[in-house]
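If you want the building blocks of each chain, they are given just below.
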Amino acid sequence: MSNNEALKTTGAPSLEELLAVGQLASEEEMEGRGCLCIECIEEIPCNPCQTSCPQGAITVGFPITNLPVIDRSKCTVCGLCIPACPGQAITIKSVKNDKARIRFPWEYLPFPSVGDSVRMVDRLGQELCDGRIVSITNPERNNKTAVITAEFPRKFVQDAISIARSHTDV
Amino acid sequence: MRNDEKPAIVVGAGPAGLCAAIELKKAGAPVVLMDENAKPGGQLFKQIHKFFGSQEHKAGIRGFDIGKELLAESLRLGIDVRLKTEVVGIELGLKVWAVEDRTKSYTLDAGKLILATGATENALSFPGWTLPGVMTAGCAQTLINVHRVLPGKRILMVGSGNVGVIVAYQLMQAGAQVAAVIEALPRLGGYGVHTAKVRRAGVPFYCSTTIIRAEGAESVERAVIASIDAKFQPIPGTEQILDVDTICLAVGLTPSIELSCLAECKQIYIPELGGNMPAHDEYMRSSNQSVYVVGDIAGVEEASTAMEEGRLAGIHAAWAMGYMDDQTMKIKTDETRGRLQALRQGIFGQKRFAAKERILAMRKDA
Amino acid sequence: MSADKIPDSRIARHAVLGDLPVQKDVTIYFEGKPLKAREGEPIMAALVAAGVTVFRYTKKGSPRRMFCGIGRCTDCVMTVDGVPGVRTCVTEVRQGMRVERQQGVGSWSVQAEAGHAQ
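Residues numbered from 1 in each chain as written. Chains lettered and ligands numbered in written order. Predicted model: local features only at pLDDT ≥ 70, side-chain atom pairs only at ≥ 80, totals over all residues.

As a further point, take the overall build of chain A. For chain A, the helix and strand inventory stands at five helices and nine strands. Traced from its N-terminal end to its C-terminal end, chain A shows the element sequence α-α-α-β-α-β-β-α-β-β-β-β-β-β. Here the C-alpha radius of gyration of chain A, 15 Å, is about what a compact globule of 170 residues would show, namely 15 Å. C-alpha extents for chain A along the principal axes are approximately 40 × 40 × 35 Å. Taking all 170 residues of chain A together, the buried fraction comes to 45%. The contacts of chain A with a sequence gap of at least 6 include a subset with a gap of at least 24, amounting to 55%. (Helix = DSSP H or I, 4+ residues; strand = E, 2+ residues; numbered from the N terminus. Rg over C-alpha atoms; globule rule 2.2 N^0.38 Å. Buried ≥ 20, exposed ≤ 12 C-beta atoms within 10 Å, placed from the backbone. Contact = placed C-beta atoms within 7 Å.)

Here it is, written out as structure tokens:
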């Protein structure tokens with residue numbers, strides 16, 4: 001295992017660090033309905049991704065500090081694992097023509113609304129490009145972690161991770 | 001339960017103490033749970049994030065919901081919970097001196113004593129550290145998540161362990177901005193998934209960085225930070241001024257060992273787990289065979305490990321008091337140890353596991 | 001005094017905790033001025049919500065506020081109903097309570113000595 005220099009100095013994993021543990025999805029995998037992206041590169045004791053998956057598509061196994069492994073042939077990209085992950089480390093990314101979409105967890109107020117223009121951010125919190133909110137769901141079972149889908153230009157798909165938090169005075 | 005019997009007394013109604021009391025009561029043992037606060041739950045109710053672990057550790061459930069579950073269970077079992085009750089003394093022979101509501105003083109003889117007194121956050125002194133606006137991360141967390149008030153609008157977090165990073169995230173959830181998280185060591189301390197979610201919200205992390213001073217007339221108006229060298233000395237010319245009104249300190253915790261000292265439990269020094277603490281065996285028994293120590297007092301870890309340690313002690317104390325047969329005790333102990341073991345693996349858990357093993361070894365020598 | 005310059009800082013809405021639950025108001029008096037508090041909350045919370053930045057002054061005149069927030073450090077002590085040295089982070093507000101900044105270790109008022117239990 002590498003020493004995760006970027007993660008442990010900037011706070012966020014680099015693309016190389018994700019690739020090194022097989023957690024960087026390719027754009028081919030993202031075509032069409034999209035694919036699950038888990039960014040969990042440290043051995044921490046945690047497995048709700050595995051237990052939340054109705055298809056058995058995510059395996060952590062024993063010990064529960066193992067990194068999660070995705071079986072893409074079983075994954076239906078239902079997204080139940082997104083709010084289940086205590087680390088908010090799971091997204092679903094898809095690409096179609098020149099557009100990309102990301103489904104990601106969100107726990108800040110105010111929530112954006114469908115159709116809102118937002119700024120997409122990369123893993124370092126830097127603004128990448130404009131995006132648009134496609135959907136937002138927050139059913140009871142999510143236990144207060146909303147799941148948002150945003151659409152943005154395809155060329156940013158590897159770097160995009162979330163949207164900028166709008167700062168509002170309380 | 002026999003009328004003349006001395007109860008097990010559990011001091012501290014946080015996650016460890018609640019679980020110890022629950023195991024004792026479930027086994028039918030008389031138990032009294034004391035806590036100085038007006039509400040039980042310890043620090044669980046300020047933990048609003050989803051916990052790690054697996055289903056059996058209540059992973060994915062938020063800390064305050066775990067707290068509510070434990071309280072409901074203790075109510076259902078009818079545990080004698082005495083709130084606003086400070087334990088101010090312990091005599092050998094296990095006489096516990098309690099003061100209720102700061103007015104009523106009494107003593108109670110314990111059959112077994114379980115100390116679950118937790119830990120205290122460390123301070124860090126630098127010029128200006130006493131200014132209003134400088135507080136521990138846990139203080140800010142209590143204010144925002146329990147009392148629902150924001151102590152400030154722009155925050156500097158000092159310390160990148162899980163406490164610092166989680167509280168930075170929760171301050172943003174409460175509506176504050178976090179100017180930076182700084183860390184004296186060259187690498188960040190907390191879980192990468194925690195730092196990643198704070199970083200993507202636009203919060204910079206500065207490693208090998210310390211706070212030089214806090215400035216302000218009557219409260220914090222700015223913080224000055226600087227890079228430090230390998231000997232932790234500030235590097236001239238690297239000073240940076242941050243425009244903040246609040247400085248949170250997340251620089252570790254120290255076990256609250258006072259009562260264990262009064263109970264004459266042998267103390268040992270384990271820096272990785274917070275400093276001085278009572279030694280304990282694999283049943284969480286201190287060097288005083290009638291006194292158990294569980295949770296952060298027995299080495300600072302997490303609420304999830306504290307709950308399992310509490311269960312271990314509760315099970316063993318119930319057995320020692322004659323409320324559980326040998327086989328049941330063994331089965332329950334093994335199950336609990338299995339769950340504890342699962343939490344002490346991986347790059348973070350292994351260090352704590354190794355430190356805990358040293359405690360057991362030192363306890364044997366005692 | 002620099003107190004009272006920060007506006008009301010109650011967290012009314014929260015993504016995880018939901019809206020601030022409705023709670024009965026009580027009135028406490030900070031330095032003689034009435035101030036609204038929520039029943040059941042500690043004095044500290046009511047003062048922070050009201051934007052009070054200084055809770056007390058040391059003997060040498062340096063300002064202090066809360067530090068640990070859970071009753072350990074005694075940084076937040078104030079004179080409450082004439083009794084000095086009361087930890088405001090673990091003492092609940094009460095209707096009509098008088099809360100004052102103390103200088104140094106403060107001093108007891110006559111009424112407090114006569115019959116106060118706290």
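This next bit is on the overall build of chain C. From N to C terminus, chain C includes two helices and seven strands. Along chain C, helices and strands appear, N-terminal first, in the series β-β-α-β-β-β-β-β-α. Looking at chain C as a whole, 39% of its 118 residues qualify as buried. Here the analysis covers contacts within chain C between residues at least 6 apart in sequence; of these, 49% occur between residues at least 24 apart.

Another aspect to go through is the interface of chain A and chain B. The partner chain B presents 39 residues to the 40 residues of chain A that form the contact. At the level of elements, α1 (5–10), α4 (48–52) and β9 (160–163) of chain A are the ones that each hand at least two residues to the side of chain A that touches chain B. For the side of chain A that touches chain B, the leading source of residues is α1 of chain A, giving four residues.

The pairing of strands in a sheet comes from backbone hydrogen bonds and takes either a parallel or an antiparallel form. All names here are of chain C. One open sheet accounts for five strands, arranged β2-β1-β7-β5-β6; its pairing is mixed. Either end of the sheet is taken by a strand with one partner, and the two such strands are β2 (33–38) and β6 (83–87). The average undirected angle you get between the axes of adjacent strands in this sheet is 40°. Two elements, strand β1 (residues 25–30) and β2, share six bridges in a ladder whose sense is antiparallel. Within the sheet, the bridge partner assigned to F30 lies in β2 and is K33. (Pairing = 2+ DSSP bridges. Axes fitted to C-alpha atoms, helices over the stretch in contact; angles between N-to-C directions.)

Another point: the sheet that holds strand β3 (residues 80–82) of chain B. Residue and element names in this part refer to chain B. Taken in spatial order, the five strands make up an open sheet running β3-β2-β1-β7-β20, and their pairing is parallel. Of all the strands in the sheet, the pair left with one neighbour each is β3 and β20 (291–293). The sheet shows a mean angle of 20° between the axes of neighbouring strands, direction not considered. Pairing between strand β1 (residues 8–11) and strand β2 (residues 31–34): four bridges, direction parallel. Residue pairing across strands places I9 opposite V32, the latter belonging to β2. Where helix α7 (residues 303–320) meets the sheet, its contacts fall on β1, β7 (112–115) and β20, and the angle it forms with β7 comes to roughly 175°.

The next subject is the nonpolar core. All names here are of chain B. Judged by nonpolar contacts, the single largest core of 192 residues is most densely connected at I114, M157, A168, C248 and V294. Broken down by element, the residue count for this core peaks at nine residues, all from α7. Ignoring any residue separated from it by four or fewer positions in sequence, one finds M157 in contact with A137, G164, V167, A168, V178, V181, C248 and A250. (Core = buried A, V, L, I, M, F, W, Y, C linked by C-beta atoms within 7 Å.)

Residue and element names in this part refer to chain B. Interhelical geometry of helix α1 (residues 15–26) versus helix α2 (residues 63–77) gives an angle of 30° and a closest axis separation of 10 Å. With respect to α2, the element α1 is oriented roughly parallel. Crossing handedness for the pair α1 and α2: left-handed. Facing P15, L18, C19, A21, I22, K25 and K26 of α1, the residues of α2 in contact are L70, E73, S74 and L77. (Parallel < 35°, antiparallel > 145°, perpendicular 65-115°, else oblique. Left-handed = near helix turned anticlockwise from the far one by under 90°.)

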